[in-house]
Amino acid sequence: VSALIHAATMVSAGVFLTARTFPIFEAGDALPVVAGIGAFTALFAALIALAQFDIKRILAYSTLSQLGFMVAALGVGGWVAAMFHLLTHAFFKALLFLGSGSVIHGMEGAVGHDSNTAQDIRNMGGMRRFMPLTFFTYMAGFLALSGFPGFAGFWSKDEILADSFRNNTLVWAVLTVASLLTAFYMTRQVMIVFFGSFRGHHPRKPQY
């Protein structure tokens, strides 16, 4: 369900509507506002993702950040780039949410069915040894989202940055920082979840 919502339904709605009504925004001189909102969203959501410990919340705020990239692309006139990123994001973000669900399912066998405990990345570690297939598929989604060369996210995000650089250097600068933050918080997540030693034998209990 999370994969479907974050990869297709929630992402498509607003971005696709803005793309379909692009001539209206263009005629009303509203595109700079669209670009500003998109750039702010991309950066702000990425900053929030940096401070999350829930494996699914990190990906959820990442979705918001990538939405910002798409909206910013529309705001600078990069209609094709926005739609391209909409498509590639649907695939790699669905893959990441399916992978996180696999990790959570595995964690529940070790720490119980409390979602706060099973989804806390601080209780994970070394999962690549226990779930090698999940690890390899998750790495593919991680590299795509981070914009690693050769993966889908690299090509679509590169188009957004190129259009931004040509049309609005301030938006380009903000999106560049957001791109670096994306790579940072996803690397943080992957390192804590899949590398190191397993910490689920003495899990952190949720604090209310």
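The structure contained in this document is the topic of the report that follows. (Residues numbered from 1 in each chain as written. Predicted model: local features only at pLDDT ≥ 70, side-chain atom pairs only at ≥ 80, totals over all residues. Heavy atoms only, no water.)

## Examining the overall build of the protein chain
Helix and strand counts for the protein chain come out as 10 helices and zero strands. Ordered by position from N to C terminus, the α and β elements of the protein chain give α-α-α-α-α-α-α-α-α-α. Judged by the C-alpha coordinates and their principal axes, the protein chain covers about 60 × 35 × 25 Å. Within the structure as shown, the protein chain displays about 10000 Å² of accessible surface, and the carbon and sulfur contribution to it stands at 70%. (Helix = DSSP H or I, 4+ residues; strand = E, 2+ residues; numbered from the N terminus. Areas by Shrake-Rupley, 256 points an atom, 1.4 Å probe, with all protein chains shown as cover.)

## Brief notes about the packing of helix α5 (residues 79–111) against helix α9 (residues 152–167)
α9 packs onto α5 with a crossing angle of 155° between their chain directions and a minimal axis gap of 9 Å. Looking at the two axes, α5 sits roughly antiparallel to α9. When you trace α5 past α9, the crossing you get is left-handed. Residue-level inspection shows A81, F84, H85, T88 and F92 of α5 in contact with α9, the latter providing A152, G153, W155, S156, K157, E159, I160 and D163. Here the contact of α5 with α9 is built from residues that sort into six nonpolar, four polar and three charged. (Axes fitted to C-alpha atoms, helices over the stretch in contact; angles between N-to-C directions. Parallel < 35°, antiparallel > 145°, perpendicular 65-115°, else oblique. Left-handed = near helix turned anticlockwise from the far one by under 90°. Contact = heavy atoms within 4.5 Å. Nonpolar A, V, L, I, M, F, W, Y, C, P; charged D, E, K, R; others polar.)

## Considering the pattern of salt bridges
In total, this model carries two salt bridges according to the counting rule given. A salt bridge links D120 to R122; the shortest N-O distance between them is 2.9 Å. Exposure remark for D120: the relative accessible area of 8% places this residue in the buried category. With a relative accessible area of 28%, R122 lands in the partly exposed category. Residue D163 is joined to R166 by a salt bridge in which the shortest nitrogen-to-oxygen separation is 2.3 Å. Separated by three residues within a single helix, D163 and R166 lie in helix α9, roughly one turn from each other. (Salt bridge = Lys/Arg side-chain N within 4 Å of Asp/Glu carboxyl O. Buried < 20%, exposed > 50% of the residue type's maximum accessible area, 1.4 Å probe, protein only.)

## Examining the packing of aromatic side chains
Counted under the stated rule, the structure contains nine aromatic pairs. Seen in terms of ring centroids, F40 and F44 are 5.3 Å apart; in terms of plane orientation they differ by 15°. Their pairing is stacked. You can see F40 and its partner F44 sitting in helix α3 (residues 31–50), four residues apart, about one turn around the helix. The exposure class of F40 is exposed, given its relative accessible area of 55%. Relative to W155, the ring of F154 lies with its centre 4.9 Å away and its plane at 75°, an arrangement referred to as edge-to-face. Residue class for F154 comes out partly exposed when judged on its relative accessible area of 24%. By way of ring pairs, the aromatic residues F135, F136, Y138, F194 and F195 are connected into one cluster. Between the NZ or CZ atom of R122 and the centre of the ring of F53, over which it lies, the distance is 3.9 Å. Positioned above the aromatic ring of F69, the side-chain terminus of K157 is 5.2 Å from the ring centre. (Phe/Tyr/Trp six-rings, centres within 6.5 Å; stacked < 30°, edge-to-face > 60°. Lys NZ or Arg CZ within 6 Å of the ring centre and 35° of its normal.)

## A few points about α3
Quick reminder: α-helices carry 3.6 residues per turn. Residues three or four places apart thus point the same way. The end-to-end C-alpha separation of α3 is 29 Å, in line with the 28 Å expected for 20 residues at 1.5 Å each. Where α3 is buried, its residues contact α2 (22–27), α4 (55–75) and α10 (169–194). (Expected span 1.5 Å × (residues − 1).)

## Structural notes on the side chain of Q189
Tracing the backbone through its elements, the reader meets Q189 in helix α10. Residue class for Q189 comes out buried when judged on its relative accessible area of 0%. Polar side-chain contacts of Q189 include one of 3.1 Å to the backbone oxygen of I55. When near neighbours in sequence (up to four residues on either side) are disregarded, Q189 contacts I55, I58, L59 and Y138. (Polar contact = N/O pair within 3.5 Å; in protein donor to acceptor, adjacent residues only side chain to side chain.)

## Some thoughts on α10
For α10, with 26 residues, the first-to-last C-alpha span of 37 Å sits near the 38 Å given by 1.5 Å per residue. For α10, the side-chain oxygen to backbone nitrogen distance between the N-cap and L170 is 3.2 Å, and the N-cap itself is N168. G196 lies just past α10 and shows a positive phi near 80°.

## A look at the packing of α9 against α10
At a closest axis distance of 7 Å, the pairing of α9 and α10 adopts a crossing angle of 155°. In this view, α9 runs roughly antiparallel relative to α10, as classed from their interaxial angle. Here α9 runs over α10; the crossing is left-handed. Residue-level contacts link K157, I160, L161, S164, F165 and N167 of α9 to T169, V171, W172, L175, T176, S179 and T182 of α10. Of the residues belonging to the contact of α9 with α10, the class tally is six nonpolar, six polar and one charged.

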